[in-house]
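Residue-level structural notes
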Amino acid sequence: MRTKHGIVASAGRVGLAAIFSLFGSVAPFAHHSFSTEYDGTKTFNIKGTVSKVEWTNPHARFYVDTTDENGKMVTWNMELASPSALARNGWTSRTLKVGDQVTVTGYAAKVAQYRGDARSVITADGRSLFGGASDDGRPDGGQGQ
Amino acid sequence: MLRLIKSQIPNPKVQIPMVVLGIWVLGFGVFAHAQEGRGSLGTVGALGQEVKRPPVRTEPAPRLPDGTVSLDGLWVGGGPVNDIAQGLPKGEKLPLLPAAVKLMEYRAQHETDDPHLWCMPMGVPRSTPYPFRFVQDITGSAASPHLFIIHEGNIHSFRQIFMDGRKHPAELDPTWFGHSIGRWENKDTLVIDTVGFNDKFWFDRKGTPHSDQLHTIERWTRPNMGTLVNTVTIEDPTYYSKPFTVTFNARLQAPGDEIMEYICQENNQYGQAGGHENPFFGK
């Protein structure tokens, strides 16, 4: 791990991934092409405060206020799966709330700054939630169906 | 379905004995690599990530009072998502004409032009990763004059299939789902004949094309409680040298699951992360 904010390739999580990957396939729901929007080699791991939650289609989103490497406040736009996919995977519209402290791991946008495809969201109470966004074509899982 | 539960691994307060950890890594590492091995993050240890599906229900399919098989249920699948050629019999290839090859080459370089990405309907026989429901048993028998297929995604949409014996109109305004007439064969197979399509949707994410000359004949069967089989014959002389047939299965969803609202246009930010403009806006 390099820093607590910004883009990091988390060796620890890769190790954990190897452990957990034996448990089977990932959530099958997807809508939009992952590879056209996100870089499967550009990962991030940030900590911050949820400032907004959008329980909307085609993707739910939440926004995380955090600081960048220079200490400047920035807001990340985090993409999740659709509400219907998330709901079938255990989420509700109240799972994340404004003010929650979260740690988010995922893939960064190909072009836009501070946009991410959230893979795991770890809440302050220790729950690890699967973001399940844009599975199609993503480098680590989804089959699109 | 898995429910959100406390994660044991990412929470530093919870310690996993290293011996157990070691056994997992050593014992399953190779399998895990083969299973995933697809990216820099792999799975992320989020315990909502894996969906454990129950086995397919293999008891006989239900029947309506008149003996016709009931297709009612909430299903996922039944059509192509990534590549329609995956539904061909083994060893066969799509009978693409040169015009189709050329168009697919273009679309391969313009994959963000797929209308589906911009919240347009998926047409026929394309499917989505989201459920659909057959609404068949309107009057308690197969004599219902209409049959509907209701799709949750890509956008809340429906197909209406006329079951009253009418023919296709001589002239049709082209539409995303076309004009569908249906009939039963031996109370086991629903045959849906559809024409009048527009040429806008793609058969799959790969961009496999069709024209407004498209004619589809779907044959839906339910070999057991948990499975629908959709065998589709596709004719389109503009892009294919001969008709071809693809088969896709759909799987019955768990009891209690229902169609959910899916209004794709509500907050579609597609393109912003990757820097793509909507190819349909203002055109």
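For clarity, every value in this text was computed on a predicted model and none was experimentally measured.

A word on the overall build of chain B
Across its full length, chain B holds two helices and nine strands. Counting from the amino terminus, chain B carries its helices and strands in the arrangement α-β-α-β-β-β-β-β-β-β-β. Among the 283 residues that make up chain B, the fraction classed as buried is 36%. For chain B, long-range pairs separated by at least 24 residues make up 63% of all intrachain contacts whose partners lie at least 6 apart in sequence.

Overview of the pairing of strand β6 (residues 189–195) of chain B
Residue and element names in this part refer to chain B. In β6, alternate side chains face the same way, and those of Leu-190, Ile-192 and Thr-194 are buried while those of Thr-189, Val-191, Asp-193 and Val-195 on the opposite face are not. Summarising the sheet, strand β5 (residues 179–185) and β6 pair through seven bridges and their orientation is antiparallel. Note that in β6 the partner of Arg-183 across the bridge is Val-191. Between β5 and β6, which pair antiparallel in sequence order, lie three residues; one of them, Asn-186, sits at a positive phi of approximately 55 degrees. As defined by bridge partners, β6 adjoins strand β7 (residues 215–224) across six bridges and the pair is classed as antiparallel. Looking across to β7, one finds that Thr-189 is bridged to Thr-221.

Some details on the sheet that holds β6 of chain B
The sheet built from nine strands closes into a barrel, its strands ordered β1-β2-β3-β4-β5-β6-β7-β8-β9 (chain B) with mixed pairing. Between one strand axis and the next, the sheet turns by 30 degrees as a mean value, whatever way the strands run.

Overview of the environment of Ile-150 of chain B
Looking at the element boundaries, Ile-150 of chain B is found in strand β3 (residues 146–151). Put simply, Ile-150 of chain B and Leu-74 of chain B are 76 residues apart on the chain and 9.5 Å apart in space, counted from C-alpha to C-alpha.

Notes on the nonpolar core
Counting 28 residues, the largest nonpolar core has Val-64, Met-78 and Val-104 of chain A as its most contacted members. Broken down by secondary-structure element, the contributors of at least two residues to this core are β1 (38–54), β2 (61–67), β3 (73–79), α2 (83–88), β4 (101–109), β5 (115–123) and β6 (128–130) of chain A. Apart from residues lying up to four places away in sequence, Val-64 of chain A is in contact with Ile-46, Gly-48, Thr-49, Val-50, Ser-51, Thr-75, Trp-76, Met-78, Val-102 and Val-104 of chain A. If you look at the next biggest cluster of nonpolar residues, it comprises 17 residues, including Leu-74, Met-163, Leu-228 and Leu-252 of chain B.

Things to note about the pairing of strand β8 (residues 227–235) of chain B
Residues and elements named next belong to chain B. Judged by which residues are buried, β8 turns out to be one-sided: Leu-228, Asn-230, Val-232 and Ile-234 face inward and are buried, whereas Thr-227, Val-229, Thr-231, Thr-233 and Glu-235, on the alternate face, are not. Pairing between β7 and β8: eight bridges, direction antiparallel. Following the sheet pairing, Thr-221 is matched in β8 by Val-229. Linking β7 to β8, which pair antiparallel, is a turn of two residues.

Remarks on the confidence of the model for chain A
All names here are of chain A. The predicted model of chain A has a mean per-residue pLDDT of 75, with 69% of residues at 70 or higher. Confidence drops under pLDDT 50 across residues 1–29; counting only partners more than four residues distant or on other chains, this segment forms 87 contacts. In the model, residues 133–145 has pLDDT below 50 throughout and makes 59 contacts with residues more than four positions away in sequence or in other chains.

A closer look at unusual backbone geometry
With the exception of glycine, the majority of residues adopt a negative phi angle, and the majority of peptide bonds are in the trans configuration. Cis peptide bonds are those with omega within 30 degrees of zero, and the linkage from Asn-57 of chain A to Pro-58 of chain A qualifies with 0 degrees. Within the element layout of this structure, Pro-58 of chain A appears in the loop between β1 and β2. Of the consecutive residues Val-124 of chain B and Pro-125 of chain B, the connecting peptide bond is found in the cis state with omega at 0 degrees. Position of Pro-125 of chain B among the secondary structure elements: in the loop between α2 (98–108) and β2 (132–135). Located in the positive-phi region is Asn-186 of chain B, a residue other than glycine, with phi close to 55 degrees. For Asn-186 of chain B, the location among the structural elements is in the loop between β5 and β6.

Rules and cut-offs
Residues take numbers from 1 onward in each chain, read along the sequence in its written order. Labels are handed out in written order, letters beginning with A for the chains and numbers beginning with 1 for the ligands. Where local features are concerned, this predicted model is filtered to residues with pLDDT of at least 70; where side-chain atom pairs are given and counted, the filter is 80 or more; whole-chain, interface and lining totals use all residues. Working definition: helices are DSSP H or I runs of at least four residues, strands are E runs of at least two. Numbering for both runs from the N terminus. As a rule, residues whose C-beta atom has 12 or fewer other C-beta atoms within 10 Å are exposed, those with 20 or more are buried, and those in between are partly exposed; C-beta atoms are placed from the backbone. Residues are treated as contacting if the C-beta atoms built from their backbones sit within 7 Å of each other. Being paired, for any two strands, means DSSP has found at least two bridges between them. Throughout, an axis means a line fitted to C-alpha atoms (over the contacting stretch in the case of helices), and angles, computed between N-to-C directions, take values from 0 to 180 degrees. What we call a nonpolar core is a set of buried Ala, Val, Leu, Ile, Met, Phe, Trp, Tyr and Cys residues whose membership is set by joining through C-beta atoms within 7 Å. pLDDT is a residue-level measure of predictor confidence that goes from 0 to 100.

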